[in-house]
Amino acid sequence: MRALPLPLFLALPPFLALLLTGCAPTSDDALRIEVVSSPPAYVIGGDARIEVHVPEGVPLEAVVVELNGRPVPAKLTPRDNPHVLEGVVDGLPEGRSTLTARAAGRTASLELTNHPATGPLFSGPPQEPFLCATPAHRANAALGDPIDDDCTIPTVISFLYLSTDTDGFKPFDPTGPRPDDLAQTTTLDGQTVDFIVRWERGTLNRFIYSIAMLSPGSQDPEVPDLSGWNERAIYYFQGGVGIGHYQGNPNRDRMLYRHGLSRGYAILYSTGTRTSVHYDLEVGGETAIMVKERFVSAYGTPRYTVGVGGSGGGIQQYVYGQNHPGLIDAGVPQYSYPDMITQTIHVGDCELLERYMDAEVAKDPTSKWATWRHRTWLEGLNASDTLPNPYTGRPGLTECINGWRGLSPLTMNPHYGTAPGISPEQQADVEWTHFADAVQIYGRAEDGFAARTWDNVGVQYGLQALLDGHITPEEFLDLNARVGGWKNEPDMVQEGRPFIEQAADVDVHSARNMTLSPGDTGHPPAPRSEADPNAIEAAYRRGLVFRGDIDIPLIDWRHYLEPVLDMHNAHQSFAARRRMLDHDGDAANQVIWFTDIGKDGRPRFDQTPMAFEVIDEWMTNIAAYPERGVAGNKPARATDSCFDADGTLIYAGDDAWAGILDDEPPGPCTQRFPIYSTSRIVAGGPITGDVFKCHLQPVEDAMAAGVYGDWQPTPAQMERLKAIFPTGVCDYTRGDARRPPSL
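Residues numbered from 1 in each chain as written. Predicted model: local features only at pLDDT ≥ 70, side-chain atom pairs only at ≥ 80, totals over all residues. Heavy atoms only, no water.

**Some details on the overall build of the protein**
The test is simple: Only DSSP runs of H or I reaching four residues or more are called helices, and only runs of E reaching two or more are called strands; each is numbered from the N terminus. Our radius of gyration looks at C-alpha atoms and nothing else; its globule reference is 2.2 Å times the residue count to the power 0.38. Only protein chains enter the area calculation, which uses a 1.4 Å probe; residues under 20% of their type maximum are buried, those over 50% are exposed, and those in between are partly exposed. By the convention used here, residues are in contact when the closest approach between their heavy atoms is within 4.5 Å. Working definition of accessibility: Shrake-Rupley area with a 1.4 Å probe, residue cover restricted to the visible protein chains.
Helix and strand counts for the protein stand at 22 helices and 29 strands. Relative to the compact-globule value of 27 Å for 743 residues, the protein shows a C-alpha radius of gyration of 27 Å, a close match. By its C-alpha atoms, the protein is 90 × 55 × 55 Å across when sized along the principal axes. Within the protein, the proportion of its 743 residues that are buried is 59%. Taking all contacts inside the protein whose residues are at least 6 apart in sequence as the whole, residues at least 24 apart take part in 69%. Surface exposure of the protein reaches about 28300 Å², of which carbon and sulfur atoms provide 51%.

**Some thoughts on the environment of Leu479**
Take Leu479: it is sitting in helix α15 (residues 473-482). Separated by 43 residues in sequence, Leu479 and Gly522 have C-alpha atoms that sit 8.4 Å apart. When sequence neighbours within four positions are dropped, the list of residues in contact with Leu479 reads Leu353, Tyr356, Leu378, Tyr461 and Gly462.

**Regarding the packing of aromatic side chains**
Threshold: The aromatic pairing rule takes the rings of Phe, Tyr and Trp, using the six-membered ring of Trp, and pairs them if the centres are within 6.5 Å, calling planes under 30 degrees apart stacked, those over 60 edge-to-face and the rest tilted. Any Lys NZ or Arg CZ that is within 6 Å of a ring centre and within 35 degrees of that ring's normal is treated as a charge sitting over the ring.
Here the structure, examined in full by the defined rule, presents 29 aromatic pairs. Considering the side-chain rings of Phe594 and Trp657, the 4.4 Å spacing of their centres and the 55° angle between planes classify their relative orientation as tilted. Note that Phe594 is positioned in strand β25 (residues 590-595) and Trp657 in the loop between β27 (649-652) and α19 (668-672), a separation of 63 residues in sequence. Neither residue differs from the other here; Phe594 and Trp657 are each classed as buried. Each member of the aromatic cluster is reached from another via a ring pair, and the members are Tyr560, Phe574, Phe594, Trp657 and Phe673. The ring centre of Trp199 lies 4.0 Å from the NZ or CZ of Arg201, which sits over that ring. Here Arg405 stacks its cationic end above the ring of Tyr391, 4.7 Å away from the centre of that ring.

**Comments concerning the side chain of Thr344**
Quick note on the threshold: Think of a polar contact as two N or O atoms within 3.5 Å of one another; within protein, one of them needs to be a possible hydrogen donor and the other a possible acceptor, and neighboring residues in sequence only count if both atoms come from side chains.
Along the chain, Thr344 falls in helix α7 (residues 343-363). The exposure class assigned to Thr344 is buried, which follows from its relative accessible area of 12%. Within the local environment of Thr344, its side chain forms a polar contact with the backbone oxygen of Ile341, the two atoms lying 2.6 Å apart. Those residues within four positions of Thr344 in sequence are excluded, and the remaining contacts are Thr453 and Trp454.

**Points about the sheet that holds strand β6 (residues 77-78)**
Basically, it comes down to this: We treat two strands as partners when DSSP finds at least two bridges between them. Each axis is a line fitted through C-alpha atoms, and for a helix only the stretch in contact is used; angles between axes span 0 to 180 degrees, taken between their N-to-C directions.
The strand order β1-β3-β7-β6 describes an open sheet built from four strands, whose pairing is antiparallel. The open sheet has two free edges, formed respectively by β1 (32-35) and β6, since each of these has just one partner strand. As judged from the six bridges shared by strand β3 (residues 48-53) and strand β7 (residues 84-89), these two strands associate in the antiparallel manner. For Glu51, the partnering residue across the bridge sits in β7 and is Glu86. Against the sheet, helix α5 (residues 281-298) contacts β3 and β7, and its axis sits at roughly 60° relative to β3.

**Observations concerning the packing of α5 against helix α6 (residues 312-323)**
Where we set the bar: Note on terminology: angles under 35 degrees are roughly parallel, angles over 145 are roughly antiparallel, angles of 65 to 115 are roughly perpendicular, and the others are oblique. Residue classes follow a fixed rule: Ala, Val, Leu, Ile, Met, Phe, Trp, Tyr, Cys and Pro count as nonpolar, while Asp, Glu, Lys and Arg count as charged, and any other residue, Gly among them, counts as polar.
Remark: α5 packs on α6, axes separated minimally by 11 Å, with the N-to-C direction vectors making an angle of 80°. Judged by the angle between their axes, α5 and α6 are roughly perpendicular. Judged by residue contacts, Leu281, Gly284 and Gly285 of α5 engage Ile315, Gln316, Val319 and Tyr320 from α6. In terms of residue class, the contact of α5 with α6 is built from four nonpolar, three polar and no charged.

**Details of the pattern of salt bridges**
Heads up, the condition is: Here, a salt bridge means any side-chain nitrogen of Lys or Arg that lies within 4 Å of a carboxyl oxygen of Asp or Glu.
Under the criterion given, the structure shown has 40 salt bridges. Residue Glu431 is joined to Arg444 by a salt bridge in which the shortest nitrogen-to-oxygen separation is 2.9 Å. Note that Glu431 is positioned in the loop between α11 (424-429) and α12 (434-437) and Arg444 in the loop between α13 (439-442) and α14 (463-467), a separation of 13 residues in sequence. Accessibility expressed as a relative area gives 15% for Glu431, which makes it buried.

**Section: the nonpolar core**
Which entries qualify depends on this criterion: As used in this record, nonpolar core signifies buried Ala, Val, Leu, Ile, Met, Phe, Trp, Tyr and Cys residues forming a set joined through side-chain atoms within 4.5 Å.
With 159 residues, the main nonpolar core has Phe295, Tyr442, Phe476, Ile615 and Tyr708 as its most contacted residues. Those residues in contact with Tyr708 that sit more than four places away from it in its chain are Gln460, Leu463, Leu466, Leu467, Phe476, Val699, Ala702, Met703, Leu721 and Val729. Ranked by size, the runner-up nonpolar core spans 23 residues in total, among them Val35, Val58, Leu92 and Ala108.

**Regarding a negative patch on the surface**
Heads up, the condition is: Residues enter patches when their relative accessible area tops 30% and they take part in no salt bridge; the joining distance is 9 Å for like charges and 5 Å for the nonpolar side chains Val, Leu, Ile, Met, Phe, Trp and Tyr. In this tally Asp and Glu are treated as negative and Lys and Arg as positive; neither His nor the chain ends contributes. Charged side chains are reduced to one point each, which is NZ for Lys, CZ for Arg, CG for Asp and CD for Glu.
On the surface, Asp549, Asp551, Asp584 and Asp586 cluster together into a patch of negative charge. Topologically, Asp549 is positioned in the loop between α16 (535-541) and β24 (554-559).

**Side note on the sheet that holds strand β4 (residues 64-67)**
Taken in spatial order, the five strands make up an open sheet running β2-β9-β8-β4-β5, and their pairing is mixed. Edge positions in the sheet fall to β2 (43-44) and β5 (70-71), since each has one partner strand and no second.

Listed below in structure tokens is the structure:
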């Protein structure tokens, strides 16, 4: 077991960042104190697990620990290291305290700050209104009613067992005989034990949390049985897209992740780290810190904590691994994206482009856009002529529709969102956008609404299609004159059907909230949208953007879902890798695995258990040979790979994905699993997908630089191009115009 390193909190103002300082590095003959359950500035609920490092030659029994000048009643016991005492200090008053250790004339002190379990730690004022989980959702965690306005639910510890009769969990009575249908399991360490689970749940940071672990030896709610624990923890992050104002719906399968439990891992979970509840990753990171603190204080320090989770659960591993080093020590991001906020850049284009192409087909049923696979020319994402379209009832579908329809209004329309149990009056009073959900980060614009990062000024949609000859210059000009943008929040109205069932009319594109040209003629050109000042800078500075600054073992795994137009498009794994390479030139700590799906379009094999095995080898190597670093300790199986639908290895090797981020011939996995792009990559942007607002260049300069290839516009076309882009076109070679230079 090892201490939890101190996180780096990009989200904090300077005066709070100073509070993170624990003990400065000291020599072996110095006495020092460390908090291992959390950063010392973020102790939760009145207790903290500490270590006292004692110099050689000083007997452990000589150590005296004081809290605010009074002896600590904690039972500090020796660890495996004969010069370290460990134990839990409880009874901490709210606010700042000083912990002091004395021995043999030496003194060490550490300042702690204790916070209430309701939070917050550093995320700012709590969101209001905040609705407690419904009885049905609380029932998923077998929890009772909340007892206050913070949705606090008293902590419950109970026991379950896995039944051989039902292959499911049943309540376990510690006072009775062991059931005849009690299953057994063999842990990662080779122990075969009864499959009895200790299940703790309650609330932290107003969200529902869960801690589960094997408890085969005893079942005392007051004293955890650690006999079945393999001294490793899994934090199960969960995905989805939510706008906040709700406590959340806990997922029992994730709380009681059977594979992890069967192998002896402790399983940590919270609705506050489920992105279908909210997407404020500052609050999410804060919540994860609180859950981890609770686990370490109550149960012990794990050898390592590995994250797992898909989609938004994968995003959280990348973002928290960057922002809070030590929160997780390794990750298995599944179906991942680098972060959430940069996905809005190209996803916000989807309906603009779909509306344009649908309008063209409505005018001319023989339009090239009536062939659905051609829509990839503009959107970058995959498309199919044969998959059924739920909106038309006919064949023909795009990922923009199948994967992303409805998410632009969800993230940008202040009228659209809702939460379980909310009253009509409350719903009308809430600003339902992602940016309002994290308004403490983005700030407010002059119009009073939360500042927004979305921008398409200067974006030349379909540029690559023009260069490839898929569209003509006139079509390129028409597209960019008519594509438009999104209205500012004060000008937006409620959605139509199918998003609002009782609405009078159908508006699948949310066109009512677009900035279109009069009569959709392109004369004058449809206005584009501009990001609010400081919002983009805030997203970078507060850690909402994954910048590639991460150095933990990562196995980025996904099923290859491009054939079914799933939103979890495959290029995102490489977008994360490119950001890591751009950060420091090294992405050796990230491994990318793809597994094929069955002929029926459904996943058949889960590579996650294998990923956990490889992560354990990797972490064991790091513990044994820390001087080799993360990349130097990679086991043989920690390499880029692809697998057949049944999990059989197709190919493994450093060249598996050649040709995606380099100019090498396509590797074996690259050939087997083609990668698509996005509308912004089609427009000339990088695979990283992280340019919110491009630097602009005059059209003449872009022409001289060869941006348009062989196209030599006529004088009339040149004037039209300048009318569409009066302030210039994107120069993606210069990166994001709003990215802080220090980042």
